[in-house]
Structure formats: C-alpha cells, structure tokens
Amino acid sequence: MKKNTILCSLLVLLVSAALCACGGDKNTETSSTAANTSSEDTPTTGGSVVFGMTQDLVSLDPHQITDAGTRSVVFNIYEGLVKPTSTGDLEPAVASDYTISDDAKTYTFTLRDGVTFHDGSAVTAEDVKYSIERYAEIQGESSAFSLLDQVEIVDEKTVAVHLTEGNSEFLANLTLAVIPKANEDPAGNPVGTGPFKYVSYTPGQNLTLAKNENYWKEGAPYLDEVQFKFIADTDTAFTQLQAGTIDIMNYLTTAQVQTLSQSGSQFEIVEGNMNLVHAMFLNNEYEPLSDVRVRQALCYAVDRDAINSFLFDGKSHIIGSHMIPSLQTWYEPEAETVYTYDVNKAKELLAEAGYGDGFDLEITVPSSYSQHVDTAQIIVEQLAAVGINATIQKVEWSTWLEDVYTNRNYQATVIGFDGTLAPSDWLQKYGTGVSNNIANYSNEEYDSILEQALAAIDTDEKAALYKELQMNLAENAASVYIEDPADFVAMDSRLGGYTFYPTAAWDMSVIYVKEGAGQ
Amino acid sequence: MKYILKKIVTLIITLLFISLITFTAFSVIPGDAATARLGTDATPEQVAQLREEMGLDDPLPERYVNWLGGAIRGDFGDSYQYDTSTVASLMADRLPVTLILAVMSLVLILVISVPLGIVSARYAGKWLDTLINQVSQVTMAIPAFFLGILITYIFGLILSWFQPGAFVDPSVSFWGCVASLIFPAIAVALPKIAMVVKFLRNSILSEMPKDYVRTAYSRGNGKSRVLYVHILRNALIPVITFVAIIIAEIMAGSIIVEQVFGIPGMGQLLITSISARDYPVVQAIVTYITAIVVIVNFLVDILYRLVDPRVKA
C-alpha cells in the first residue's frame, strides 16, 4: 500500500515538473501566421536571433583567428579599413575612402568621421597603425604581409600603407580588424567597430552579441541581440532548430531540407554556396599519382554531376580548378569542362600509363565531416568502374591535420578549402615547395605564371594570368576538383534578409524580423 | 584510521598511474593541439608561435613534471582549445551541471527501482512481476543515444513538454537548471532503473530459500517483516556495489546523453577536449573521474560495514 502511494506521488511530481519545464519556453506558434504574411517583407528593428553552428570559436582575438567558421562569426564584431561586400567587392568601412598609387606600392586611407569602438572611444590613426602592425607580426613572413614596408600616419585622419613591392591585391588583406591600441586583452575583452558588440562568451555553449547603437552605417543593424549557439552534433542542432531553440542553421543536408519542407512553412530555406573548393586532392608525389595520365584518368572516372545531384540535389556549382565561381573577376569557367565523365577514356589513359589492371588507392577523410565521407564513398564506387580499387580511411580531424595536411603522408583525400577575396590566396598554394601545397604540386610553368600574376598590377592582365593558372591545374589534373558545394540555410520564416558572401561571413546586420511576424 | 590512510595512499598511487598513462597515450596518438586549433589557414609562423606558447616543444618528461607540479598545487594550467579559459574555470562551469544531473538521475534511479524491485520479487511469477520484467527488458535493450533521441522527439518536438536545447545554467537559476535537466535525467536513469530492478529482484529471490529466512518465519514473523527486516538487508549488499558503479559512471558525465540533449557537462567537455587535443583539460577530467571512482568505492566499503557488521576490512 505504502509503496503504491510513493509511486503515485512520484509520477505526479514528475509530470508536474515536466509541465513546469515547458512553461518558460519561447516556442511560440508563429508558423501559421508567418506563412500568411510571408509576402509582406518589411524589415522592422529590434528582436533577437539564435544562430546554430556545429563548431566552437577558435579565438575572439581577430588577429589570431585562422578558421572560416570563427571568421564568419566575428565578421559581425570587427571591421577593417575596408570590408567585403556580398558581391565580392571591397567597400570602405573604418576608412571612408582610399587611393592606390599607380605602382600599387602605396595605399592611402582617409579615416571615416565618427567611427567609434564599442567602448566609445574614437578610432584614431594610431589604432589603425597598431592593428596592421600587430596583424603582420602574428601572420609572419610567409604571409602576404612580408610585403609590408611600413604604416605611415600622414595626419590625424590619414594613414598610408607602404609596400616593398607593388601588389594590387593587397587591399583584400586590409580587411583585417581595426582594434583599439589601448585594449590589452583583445581575446578576453573583444572590442571592435562592427555592427554588433561583444556581450559574453561561454566556451562550448554560446557567444552573445548586442546591437552597436553607434554603428556608422545608418539603419544597421536591425536586430537588438544575436546569439551564436555551438552544438557539436548536427542531429542535435537540427532537433533544436525544429524545436525553435535556434532560428538559423546553415550547411543543412538535403535530407534535412526535405524534412523541413515537409513539416510546413515554419522555415524558409535560403540557398547559396559554401565558398569551398571541394575536391579529391591527390598527392602528386605518390607513385601512381605522380603520372599525369593517371591523375587525368581519375578526373575522367569521377562523375561530378552524380556527386552533386546525390549530395546537394544538383544545387552545387561544378568546378574544374582551384577557384570558386563567386570570385567572378578571377574565375575561369572553361576549367569546368576540361574533363567530362568518360569511363572509356579513363581506362585508356590508365592502360597507357601501365595501370590497365588498375591499382589500390587509399582515400583519407576526416570522419567528423559527413559531406567529405559521403563524397568519398561515391567516388569509391565510381573508381571501381575503371578498375581502381579505392578504400576509405576515416581519421579524426586532428589526425587528418597532422598526417595529411602537415606531413602530407597520404595518397588521396577529400576535403574543402576556403580562401579570401584575394585570388593569390587560392592559387599560391600550388607553387613548388610552398608550405601549404597539400597536393605536392610542382610545375615550372605554373611557378613562372604565378610569379607574373603576383607582380601584375593591371586587373585585366592579372585576371588573365590567374585564369591561365587555373587551366594549368585543370589540364595537369593537379587534383580531382568537384564543386563549390551548395549551402542550404534554414531560417525561421519570421526572419528575412539572409545574405551570402563569397568569403567567410555570416552577416547578422542584414537580418531582420518581418513586420507583423512578432517576436 | 589506518584504513583511511591506506585508502588515501591507494588514491594517490592510482591518480599518478592514470595521469601518466593518459599523458603517454596523448603523446602517442597523432595530432597536436596547435594544429588542431589553427586548422588549415594558419601560416607556419603562427603554428610555431602557438606551439611555443603551449610548451609543446618541450621534451615529454619535462612537460609531465611541469603538469604534475602544477596539479599538486591545484593549478591545472590553461586550456589549449580556449585561449581565454583556465582548466579550473572550465571545470567550475561544467562540474555543477554534471553533478546536478547525476544527483537527479540517482534520485530517480533509487526511488523508482528499489520499490519496483521489491514488488517484483514479492510477486515473483505473478502478472505484476512479468509486466515489470518485460518493461525492464525493453528499457535495457534501448541504446542510450536512441532513448535520448526518442525522448527529445516525443516529449520535445511532438508534445512540447520541454524545449530541446534550452538549457538553463545553474548560475542563472538553480531550479531553472533542474527543470531543464528533468528529461535528460530520465534518459540517464531509465536503463539503469531497469538494471537495478532486475538485480534487486534476483538478489532478493536468491536470499528467500536460505535458512535464516525459514528461521525468521518459524519465529512467527509475518511475510512483510521477513522481507523488509531480514531479506532486504542481505539482498542489498550486492545491489550497493552495483549502484556504486552507476554513481561513478554518472558522476563522470553522461557523454551520450549530454551530447543528444546539448547539455554543457563534463562528458561533453571531455569529448571536445580529446578531439582538440586539449591535453590539460583531458588530464584534469581523467584525474577527476579516477578520484570519483576510487572515492565511491571507498564509501561503498564503509557502507558495507553499516549494512552488514560482519564485513571487516
């Protein structure tokens, strides 16, 4: 008797506690109303957004950050003299105007009036000089900043950046964050000039930002608060998206997109690109792969369209070299069609190279990235058709970084590389002996064109040379280039304004709550 | 007194041994903290600089001694993966969460499984026992991650009884935290409840035919009195050991449940630290887990003596 009472009261307790737990949630039933008003797209100011991401931040010190994910987040806190636009251009930010000397050796910036840091202090020429010099020191000699001669403070409002050699691409590097010289702890106390200011950061949990009321750009940002929430597991993140705990999530799989579209109109799916060169990179020094015919055979044997339609619903942009299509000025579309899926041609080339019976190939992939693992699996099937016995070796990300990336102890690997708006950032890594030349590519012609391209000042001339480099990589099959993968972003349909950038940026300043959608 | 001293020495030796093993394991597996943090876009200078800051270039024995020296003084150093956090601050954030979850799960396990186990034994072979048995069987068979997903899906997405991912930090609101951990605690507790029920039932049943039970009956004791006063005392001894293992397990952080529900506890910290090669954090967590296991075992020994005075050290 007594036991039964205990059990009963326990059950009652549990149920009531569970009911309490959901009392405070914010899962409001806006889906139906939002669906009705989705045509009405008038931005309102105010509101808050939770952006779900599957990685944590590497640092909040803008000069120490190396990875695309963190850069995409701090894009909202920091700005450089210039900043990237969604079309891939550079617009003045902390500077209001700039001039580049004819020899591209001197970049002169006029600071914008009334730009203040988040702590209220005005941005001075001193701060700009300090930021550039600090960044250059951290990046070191093997970066583009080896060209930096000196930063000159011309007057209170004017800063001149002098280079040792002319380089017309250097402007892209000056997107580096301008931070106050007086701040002794940029990582722990992040202060910038961007549309949002830092509020709090909890490792493994979230980063909270608040609206910068004094932002120089009129009317921006719309939102009062933005939270970036870190959820290591994609499935958990997706559940939280469905539950309304997070409002925006990117890099969805096609299956997730399908689930969302079946469940009604609570979410809007925005499509863009990941800005990645997604490829099966080949170790050009590894025995069968050192033969250009073998590499070409692999390019013929891999059906890029099949990968695209299988993994990205055909929404990715097929590429044929190491450059993303959104960098229109520099991109060579002809590289896309150097190889078309052709099993017979692949077999012929293999026979010519003396591998008519095929060979064994180990494809190393980082296990935590399902996109790369899935791609590798499709490739294995495709290579089997030409007699190549490929196997997948799954490794942990840290292991991949050390074994494959740093030590280049691999045969083939499926991975994606990002880059900046400067074309050299993408193409320099194929220079002979360069530290991040993962493919171990070495081609004399390439090296000499690269040198000319870097030295060229005129944009047209430069673009022509960079396009030649892309064709060189394609024709010599440096690796099997696949696509710039489609990026599916799910956004609560009460929100609007999501904008893709051709570089690492998740711009929250353009996101708004639609009028009538409520909060 | 001598007994306690002996236990403390055992604890210290175990901790030293385990920390040495962890350290060695970490230096053997590929990947280092500097490249893990900086990724593919860093210049070689940046990697070199960070390696130096982290002291990764120092010889192995020196690094271990440095760590040990700090740990003895209670200083577990700085985290490698989070540039502004010390190991102590990370642990201080996570420990309360894991402990709250552990206590909640434990309460659930005990209040549910002990009565159920007794009922099941008392009505052995009857329909109630069969029912409890069947349900336990099913609960035990479900893997923890699937149970977590199931709970999230049914109670979170369909019924909206709780909001998946809406975790409340204990520093913000203790009761808010407790409320947000109810379903995760259920996910942790369910399979363990099933196990304890079965364990206790079988333990009671195996005591029933023993001589002392017959003696107790012959002295005129009623069924309930024999069960609660005589049998249960003896039957609980193996169950205590079993529960102790469970306690040590949930105090270490329920890695899978934390992952599925998005709870920032020790288990989640351990996972991210291993993949980031964040050696100082891993070392500290491993030390913590080892200490928990040894201490829980120590407490169990003491508890044994209370339940059964015949037990000697």
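Rules behind the numbers
Residues numbered from 1 in each chain as written. Chains lettered and ligands numbered in written order. Predicted model: local features only at pLDDT ≥ 70, side-chain atom pairs only at ≥ 80, totals over all residues. Helix = DSSP H or I, 4+ residues; strand = E, 2+ residues; numbered from the N terminus. Buried ≥ 20, exposed ≤ 12 C-beta atoms within 10 Å, placed from the backbone. Contact = placed C-beta atoms within 7 Å. Nonpolar A, V, L, I, M, F, W, Y, C, P; charged D, E, K, R; others polar. Domains from an automatic or database assignment. Axes fitted to C-alpha atoms, helices over the stretch in contact; angles between N-to-C directions. Parallel < 35°, antiparallel > 145°, perpendicular 65-115°, else oblique. Left-handed = near helix turned anticlockwise from the far one by under 90°. Arc of directions from axis to C-beta.

**Q** I'd like to hear about the environment of Ala 172 of chain A, residue by residue, with values.
**A** Residues and elements named next belong to chain A. Structurally, Ala 172 can be placed in the loop between strand E8 (158-163) and strand E9 (196-202). Since 20 C-beta atoms lie within 10 Å of it, Ala 172 is described here as buried. A C-alpha to C-alpha distance of 7.9 Å links Ala 172 and Val 82, two positions 90 residues apart in sequence.

**Q** Pulling in residues and values, what's your account of the interface of chain A and chain B?
**A** The interface is formed by 48 residues belonging to chain A together with 46 residues belonging to chain B. If you list the elements that add at least two residues to the side of chain A that touches chain B, you get helix H1 (2-23), helix H4 (125-139), helix H5 (234-243) and helix H11 (397-406) of chain A. The residue inventory of the side of chain A that touches chain B, partitioned by class, reads 21 nonpolar, 19 polar and 8 charged.

**Q** Give me the lowdown on the domain arrangement of chain B, citing residues and values where you can.
**A** All names here are of chain B. Assigned domains within chain B: domain 1 (2-72) and domain 2 (87-307). Placing a centre on the C-alpha atoms of domain 1 and another on those of domain 2 gives a separation of 32 Å. Each side of the interface is counted separately: domain 1 has 16 residues, and domain 2 has 12 residues. If you list the elements that add at least two residues to the side of domain 1 that touches domain 2, you get helix H1 (2-28) and helix H2 (33-38). Looking at which element gives the most residues to the side of domain 1 that touches domain 2, the answer is H1, with 10 residues. Here the side of domain 1 that touches domain 2 is built from residues that sort into 8 nonpolar, 5 polar and 3 charged.

**Q** With reference to specific residues and values, describe the packing of helix H7 (residues 144-158) of chain B against helix H9 (residues 182-207) of chain B.
**A** All names here are of chain B. Between H7 and H9, whose axes approach to 10 Å, the crossing angle comes to 140°. Between H7 and H9, the angle is such that the two are oblique. For the pair H7 and H9, the sense of crossing is right-handed. On the side of H7, the interface is formed by Ala 144, Leu 147, Gly 148, Ile 151 and Phe 155, while H9 contributes Phe 183, Ile 186, Ala 187, Leu 190 and Pro 191. Here the residues of the contact of H7 with H9 are counted per class, giving 9 nonpolar, 1 polar and no charged.

**Q** How would you summarise helix H6 (residues 254-262) of chain A if you had to cite specific residues and measurements?
**A** Residue and element names in this part refer to chain A. Looking only at H6, the buried set comprises Gln 256, Val 257 and Leu 260. An end-on view of H6 places all buried positions within 100° of arc, on one side of the element. Exposed side of H6, more than 90 degrees from the buried face: Ala 255 and Gln 262 are the residues found there. The inward-facing, buried residues of H6 contact H5, strand E13 (267-273) and strand E20 (486-492). Gly 264, located one to two residues past H6, shows a positive phi value of around 105°.

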